[in-house]
Amino acid sequence: LPWFLTADHCIGSQTVAQTAITYFGYKTSSCNSSSLGTYDSVSGSTYKTGSSTSDFTLLLLSGEPSISFARLGYSTADLDWGDDIAVVHHPGGYRPGSFDSYMRVSYGDRDLVSWPNYWVMEYSSGSTEGGSSGAPLISVSDKRVRGQLSGGLAGCGNIFDDEYGKFSSAWDDGASTYLSVQD
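Here the structure is a predicted model, which means the values were calculated and not measured.

Chemist: Explain the overall build of the chain here, please?
Modeler: In terms of regular secondary structure, the chain is built from two helices and twelve strands. Taken from the N to the C terminus, the helices and strands of the chain come in the order β-α-β-β-β-β-β-β-β-β-β-β-β-α. Residues classed as buried in the chain amount to 44% of the 183 residues present. Long-range pairs, those at least 24 residues apart, make up 62% of the contacts in the chain with a sequence separation of at least 6. Just so you have it, the chain exposes about 9100 Å², and 51% of that area is on carbon and sulfur atoms.

Chemist: Could you clarify how one ought to interpret the environment of Ser176 in this entry?
Modeler: Examined against the element boundaries, Ser176 turns out to sit in the segment after helix H2 (167-172). For the pair formed by Ser176 and Thr49, sequence separation is 127 residues and the distance between their alpha carbons is 9.8 Å.

Chemist: What should I look at first to understand the sheet that holds strand S5 (residues 56-61) in this one?
Modeler: Backbone-to-backbone hydrogen bonds pair the strands of a sheet. The strands run either parallel or antiparallel. One open sheet holds the three strands; their spatial order is S1-S5-S4, and the pairing between them is antiparallel. The sheet terminates laterally at strand S1 (3-6) and strand S4 (45-51), the two strands that pair on one side only. Here the average twist between neighbouring strands, direction ignored, is 20°.

Chemist: Teacher, can you tell me more about unusual backbone geometry here?
Modeler: With the exception of glycine, the majority of residues adopt a negative phi angle, and the majority of peptide bonds are in the trans configuration. One non-glycine residue, Asp55, lies in positive phi territory at about 55°. By the element assignment, Asp55 lies in the loop between S4 and S5. By relative accessible area, which is 6% here, Asp55 ends up buried. The phi dihedral of Lys143 is positive, around 60°, even though this residue is not glycine. Position of Lys143 relative to the elements: it lies in the loop between strand S10 (136-139) and strand S11 (144-152). Looking at Lys143, the relative accessible area reads 57%, which means it is exposed.

Chemist: Looking at this model, I keep getting lost on the side chain of Asp55. Mind explaining?
Modeler: Of the side chains bearing the opposite charge, Lys166 lies closest to the buried Asp55, which forms no salt bridge; the N-O distance is 15 Å. For Asp55, the side chain forms a polar contact with the side chain of His9, separated by 2.6 Å. Residues in contact with Asp55, not counting those within four places in the same chain, are Thr6, Ala7, Asp8, His9, Tyr118, Gln148 and Ser150.

Cut-offs applied
Residues numbered from 1 in each chain as written. Predicted model: local features only at pLDDT ≥ 70, side-chain atom pairs only at ≥ 80, totals over all residues. Heavy atoms only, no water. Helix = DSSP H or I, 4+ residues; strand = E, 2+ residues; numbered from the N terminus. Buried < 20%, exposed > 50% of the residue type's maximum accessible area, 1.4 Å probe, protein only. Contact = heavy atoms within 4.5 Å. Areas by Shrake-Rupley, 256 points an atom, 1.4 Å probe, with all protein chains shown as cover. Pairing = 2+ DSSP bridges. Axes fitted to C-alpha atoms, helices over the stretch in contact; angles between N-to-C directions. Lys, Arg positive; Asp, Glu negative; His and termini not counted. Salt bridge = Lys/Arg side-chain N within 4 Å of Asp/Glu carboxyl O. Polar contact = N/O pair within 3.5 Å; in protein donor to acceptor, adjacent residues only side chain to side chain.

Here's what the structure looks like:
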């Protein structure tokens, strides 16, 4: 069964996890497009661990989607200043029957500022918006998850940064109990 990493402020308990619906392949070709591709969903999950320290939750989904999808690896390695990142997200979250929440990919790099449990990222192309929380922070160099979106002030039309919980903190706070080390 697939593991799913998200933000603790989105799903912070088994009560919420069991009601989660996870969508795979949900995307349109452009903003407000009425052309929705093939997608599937998995209803329900088991809350395995999480922490507000780095705003992470690790879920075990209750089933496999019927469509193929990429499984991302993860890394506890540090990002250096200027390392390129990508973020796959859905601004506004999913709204049934709505086509204004389409998959976006934003790019940027690690800012000079970072905290013990969080990365600060600035975008060079695109941005996140409300509803994108929990989106994976992916290192472009090795294509592995290094964190998850916690929050920030970034948005379309501004140049503010976002904060991402470090996967290394999630690892130390319980993810290592369920996941194996990846090279």
